[in-house]
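Geometric and topological summary
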Amino acid sequence: MTALIKLRIVQEVGRLVRVRSWRNHGWITCLQFFILALASTAAALGDEAVYQVLIIDGQNNHRWQETTPLIKATLETTGRFHVDVATTPPQGGDMSTFAPDFSKYDVVVSNYNGDSWSETTKAAFVDFVRGGGGFVSVHAADNAFPDWPEYNEMIGLGGWGGRNEKFGPYVRYRDGKFVKDTSPGRGGSHGKRHPFLIICRDVEHPITRGIPTSFFQAEDELYAQLRGPAANMDVLATAYSDPQTGGTGEHEPILMTIHYGQGRVFHTTLGHDTTAMRGAAFQITLQRGTEWAASGKVTQPAVTSAQLSDKEPIMHDPQELKFPQSNDAVDFGAIPDINAGDWVALFDGESLSGWVQRNGTAKYAVAEGTIRGVTEKGSPNSFLCTERDYSDFELTFEVKVDDELNSGCQIRSKSLPEYNNGRVHGPQVEIEASPGEAGYIYGEATGRGWLSPHQRPTKVMKNGQWNRFVIRAVGPRIQTWINGQKIEDLFDPTSYQEGFIGLQVHGVGNRGPFEVRWRDIRVREIK
Ligand code: ZN
């Protein structure tokens, strides 16, 4: 067993201890520790691991005293990070005293641009990242250490500090692909601060999969003309540096990942000041990028166009971004246990008591212990709705739908005289045959279209058979599973968080008749 592997196991066990105490699961035996430590930690713990983060600050040509607390809050509001801060001596100070124990951390986040670290600390940092540690470079951290070759390799691209063509190429997005431009010139520039549109160029990376493909950042510096080795680098997103604001006329790399040894680096050029860091684009990409750097995956919920808009910058104080975390009542990392004892049936198998039809003329009736919905020619969408409202809950049912028919389950929906003549509207969990978009969330009659940012078709629905749906809606978080497979985990603070549950029979024009059946409909309210 190499020292490196031993080190990682020690780190994994340490992380297990921390995570397990956080989740209050009590003690487990040393043998179990060892077995678990040998398994993938994250897999052993489900989706809800807590990663240890070290932010480095202390010198910067930016106001690190103001921005470090925002970086810390942005990470901590996800519930996925425990954040420490290591502050170096001031400029000109004795840097030999700056020697953090990187091995205690899963990921180091740099908000630092200043004096060189000691050779010992530099070597320890290189060992940490090369050996599998995570690193996140925020804004002017990519100005730092021009004379440290390993650092330039880690960040991929850097700016200022005398960087020029000797440091590597510019990376340009031209004619739909990235090219390396070795023409001579300075490294690093930016025009006037302004809000700008970020466009994802790699939408399959864990950091960008699950967020809109383009979105505005708040007023910030749009870094341009960065240069560096650019080895093992993937540019996730670019922004157009407009000559009208003093830019280059190029699509400049904004978000990047770099593989360095066994380590993962997330490089964001965003975050000049507290205004920029109040931009949801900065926050959400930092949250996701830091988790990826720490673990190689992103388990955070998908993000809608309401949180990351391509029309205007969305701004938040980081604390407002908080979404519900696991607690005594809910473990978001696990599918709800439909065999627990505290579920309440919404359908008695014999009558439609407790239900009312809204909109449309499709026929709903009890048949063989199921609720059967049958299409009616020319009818708009029809809904069989619970008479009462539900806010935070888990919901399960089985459904069998004709291949030709689209259906869905409304949650937290409303029918209001003042809104489109009582049109049923709100989040809908899609129901349709495979291959299809079943399980993703649609904003029925809200004008918002899909609330899920992507709807990659799956084959999880068993056509012509009963399919088990499980839905959890708590605060702004909506999760769905079909036949035990997780489909969606959505952060959506825009939708209603209370309303009825409704069973949809979609309009079919002159086709049909088609039918959909539901049975074993149960809810477990979360107080
Ligand atoms: Zn700046």
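Residues numbered from 1 in each chain as written. Predicted model: local features only at pLDDT ≥ 70, side-chain atom pairs only at ≥ 80, totals over all residues. Heavy atoms only, no water.

1. Notes on the environment of Thr494
- Within the secondary structure layout, Thr494 lies in the loop between strand 25 (485–491) and strand 26 (500–505).
- Spatially, the C-alpha atom of Thr494 lies 8.5 Å from that of Gln307, the residues being 187 residues apart in sequence.
- Setting aside its immediate chain neighbours within four residues, Thr494 contacts Ala306, Gln307 and Arg448. (Helix = DSSP H or I, 4+ residues; strand = E, 2+ residues; numbered from the N terminus. Contact = heavy atoms within 4.5 Å.)

2. Looking at the pairing of strand 10 (residues 251–260)
- The buried fraction of strand 10 is high, at eight of ten residues.
- Of the pairings in the sheet, the one linking strand 9 (residues 233–240) to strand 10 comprises seven bridges and is antiparallel in character. Note on strand 10: the bridge partner recorded for Tyr240 is His251.
- The pairing of strand 10 with strand 11 (residues 263–268) spans six bridges and is classified as antiparallel. Bridging across to strand 11, Met256 finds its partner in His267.
- Connecting strand 10 to the next strand, strand 11, in antiparallel fashion are two residues, including Gly261 with a positive phi near 60°. (Buried < 20%, exposed > 50% of the residue type's maximum accessible area, 1.4 Å probe, protein only. Pairing = 2+ DSSP bridges.)

3. Re the nonpolar core
- One finds Leu395, Phe397, Trp518 and Ile521 to be the most contacted residues of the largest nonpolar core, which totals 41 residues.
- When residues of this core are traced back to their parent elements, those giving at least two are strand 18 (393–401), strand 19 (407–413), strand 20 (426–431), strand 23 (467–474), strand 24 (477–482), strand 25, strand 26 and strand 27 (515–525).
- Top contributing element to this core by residue count: strand 18, with five residues.
- Among the nonpolar cores identified, the runner-up in size contains 40 residues, and Leu70, Leu75, Val109 and Trp292 belong to it. (Core = buried A, V, L, I, M, F, W, Y, C linked by side-chain atoms within 4.5 Å.)

4. Quick notes on the confidence of the model for the protein chain
- Here the protein chain shows a mean pLDDT of 89. Residues at 70 or above account for 89%.
- In this model residues 1–47 is a low-confidence stretch, pLDDT under 50, and it forms 50 contacts with partners more than four residues away in sequence or in other chains. (pLDDT = per-residue confidence, 0-100.)

5. As for the coordination of the zinc ion
- Donor atoms from the polypeptide that bind the zinc ion are His62 (NE2), His139 (NE2), Glu221 (OE) and His272 (ND1), placed at 2.0 to 2.2 Å.
- Viewed at the metal, the four donor atoms of the zinc ion are separated by angles of 88 to 160°, and the geometry they form is irregular.
- Counting residues between consecutive donors of the zinc ion along the chain gives the motif H-x76-H-x81-E-x50-H. Taken together, the positions of Glu221 in the loop between strand 8 (214–220) and strand 9 and His272 in the loop between strand 11 and helix 7 (274–277) put the pair 51 residues apart, joining distant regions of the chain. (Donors = N, O, S within 2.8 Å, 3.2 Å for Na, K, Ca; no water. Tetrahedral: all angles 85-135°; square planar, octahedral: opposite > 155°, others 65-115°.)

6. Points about the sheet that holds strand 21 (residues 441–444)
- Strands sit in the order 14-17-26-19-20-21-22 across an open sheet of seven strands; the sheet is antiparallel. The outermost strands of the open sheet, each flanked by one partner alone, are strand 14 (355–358) and strand 22 (449–450).
- As paired strands, strand 21 and strand 22 are joined by two bridges and run antiparallel to one another. Among the inter-strand pairings, Gly443 is bridged to a residue of strand 22, identified as Gly449.

7. Brief notes about the side chain of Gln59
- Looking at the secondary structure, you find Gln59 in the loop between strand 1 (51–57) and helix 4 (64–76).
- Engagement of the side chain of Gln59 in a polar contact is seen with the backbone oxygen of Pro90, the distance being 3.4 Å.
- In this structure the side chain of Gln59 is engaged in a polar contact, spanning 2.9 Å, whose partner is the backbone nitrogen of Asp115. (Polar contact = N/O pair within 3.5 Å; in protein donor to acceptor, adjacent residues only side chain to side chain.)

8. Describing the pattern of salt bridges
- Enumeration over the complete set of coordinates arrives at 28 salt bridges.
- The closest approach of N and O atoms between Glu119 and Lys122, which form a salt bridge, is 3.4 Å. Residue Glu119 and its partner Lys122 are both found in helix 5 (residues 119–130); the two are separated by three residues, about one turn of the helix.
- Arg472 is the salt-bridge partner of Glu394, the closest N and O atoms lying 2.8 Å from each other. Here the residue Glu394 occupies a position in strand 18, and Arg472 occupies one in strand 23, the gap between them amounting to 78 residues.
- For Glu394, a relative accessible area of 3% translates into the label buried. (Salt bridge = Lys/Arg side-chain N within 4 Å of Asp/Glu carboxyl O.)

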